[in-house]
Amino acid sequence: MSDSGEDLDELPPSAKLVYKVLEYDGPLTQKQIVEESMLSARTVRYALERLQDIDLVSQDVYFADARQSLYELTGEPIAADGGESDGDVETCCAE
């Protein structure tokens, strides 16, 4: 984990959505995440950066096209109460 003490519950809704897309659809490129989430490329880049900062997402080489990176989840998110997050979509997407 990072030194910031931040966890998935404290991230913006866009980062939570990107996390869920990766959770359901497996390792994806940034372009694929944009298509699946319907978020802008800039928003996805920011969300991925935030998720990488707290070690929930890792970046690797996408061998089909080395110009792109492949993003995948690295582990279970930590909830604000110190336990594992239940992964409830409503907490990230309810408005």
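Everything below is about the structure shown above.
Quantities reported herein were computed from a predicted structural model and do not represent experimental measurements.

Cut-off values and rules
Residues numbered from 1 in each chain as written. Predicted model: local features only at pLDDT ≥ 70, side-chain atom pairs only at ≥ 80, totals over all residues. Heavy atoms only, no water. Axes fitted to C-alpha atoms, helices over the stretch in contact; angles between N-to-C directions. Helix = DSSP H or I, 4+ residues; strand = E, 2+ residues; numbered from the N terminus. Parallel < 35°, antiparallel > 145°, perpendicular 65-115°, else oblique. Contact = heavy atoms within 4.5 Å. Nonpolar A, V, L, I, M, F, W, Y, C, P; charged D, E, K, R; others polar. Buried < 20%, exposed > 50% of the residue type's maximum accessible area, 1.4 Å probe, protein only. Polar contact = N/O pair within 3.5 Å; in protein donor to acceptor, adjacent residues only side chain to side chain. Pairing = 2+ DSSP bridges. Core = buried A, V, L, I, M, F, W, Y, C linked by side-chain atoms within 4.5 Å. Salt bridge = Lys/Arg side-chain N within 4 Å of Asp/Glu carboxyl O.

Participant: Account for the packing of helix H1 (residues 13-25) against helix H3 (residues 41-53), with residues named and values stated.
Facilitator: Put simply, H1 and H3 touch, their axes get as near as 8 Å, and they point 80 degrees apart. In terms of orientation, H1 and H3 fall into the roughly perpendicular class. On H3, the residues touching Ser14, Ala15, Val18, Tyr19 and Leu22 of H1 are Thr43, Val44, Ala47, Leu48 and Leu51. In terms of residue class, the contact of H1 with H3 is made up of eight nonpolar, two polar and no charged.

Participant: Account for the environment of Asp7, with residues named and values stated.
Facilitator: Of note, Asp7 is situated in the segment before H1. When its relative accessible area of 8% is taken as the criterion, Asp7 is described as buried. Taking the C-alpha atoms as reference, Asp7 lies 9.0 Å from Leu56; in sequence the two are 49 residues apart. A distance of 3.0 Å separates the side chain of Asp7 from the backbone nitrogen of Asp9, its partner in a polar contact.

Participant: Go over the sheet that holds strand E1 (residues 28-29) with me, naming the residues and quoting the values.
Facilitator: Spatially, the three strands line up as an open sheet ordered E1-E3-E2, and their pairing is antiparallel. Across the chains shown, the open sheet's two edge strands, defined by having one partner strand only, are E1 and strand E2 (57-61). Relative to strand E3 (residues 69-73), E2 runs antiparallel, the two being bridged by five bridges. Its bridge partner being in E3, Val57 is matched across the sheet by Leu73.

Participant: I'd like a rundown of the nonpolar core, residues and numbers included.
Facilitator: Ranked by internal contacts, the top residues of the largest apolar core, which has 17 residues, are Val18, Leu22, Ile33, Leu48 and Leu51. Where this core is concerned, the elements lending two or more residues are H1 and H3. When residues no more than four places from it in sequence are discounted, the contact partners of Val18 are Ile33, Leu39, Val44, Ala47, Leu48 and Leu51.

Participant: Explain the packing of H1 against helix H2 (residues 30-37) to me, and be specific about the residues and the numbers.
Facilitator: A pair of packed helices is characterised by two quantities: the angle between their axes and the separation of those axes. Relative orientation of the contacting elements H1 and H2 amounts to 105 degrees, with a least axis distance of 10 Å. Looking at the two axes, H1 sits roughly perpendicular to H2. Residues Leu17, Val18, Val21, Leu22 and Asp25 of H1 touch H2, and the partners they reach there are Ile33, Glu36 and Ser37. Looking at side-chain class alone, the contact of H1 with H2 contains five nonpolar, one polar and two charged residues.

Participant: Describe in detail the pattern of salt bridges, supporting the description with residues and values.
Facilitator: Taken as a whole and assessed by the stated rule, the structure comprises two salt bridges. Notably, a salt bridge pairs Lys20 with Glu23, separated by 2.6 Å at the nearest N-O pair. With Lys20 and Glu23 both in helix H1, this residue pair falls three residues apart, about one helical turn. Residue classification places Lys20 among the buried residues on the basis of a relative accessible area of 9%. Between Asp65 and Arg67 there is a salt bridge, with its nearest N and O atoms 2.9 Å apart.

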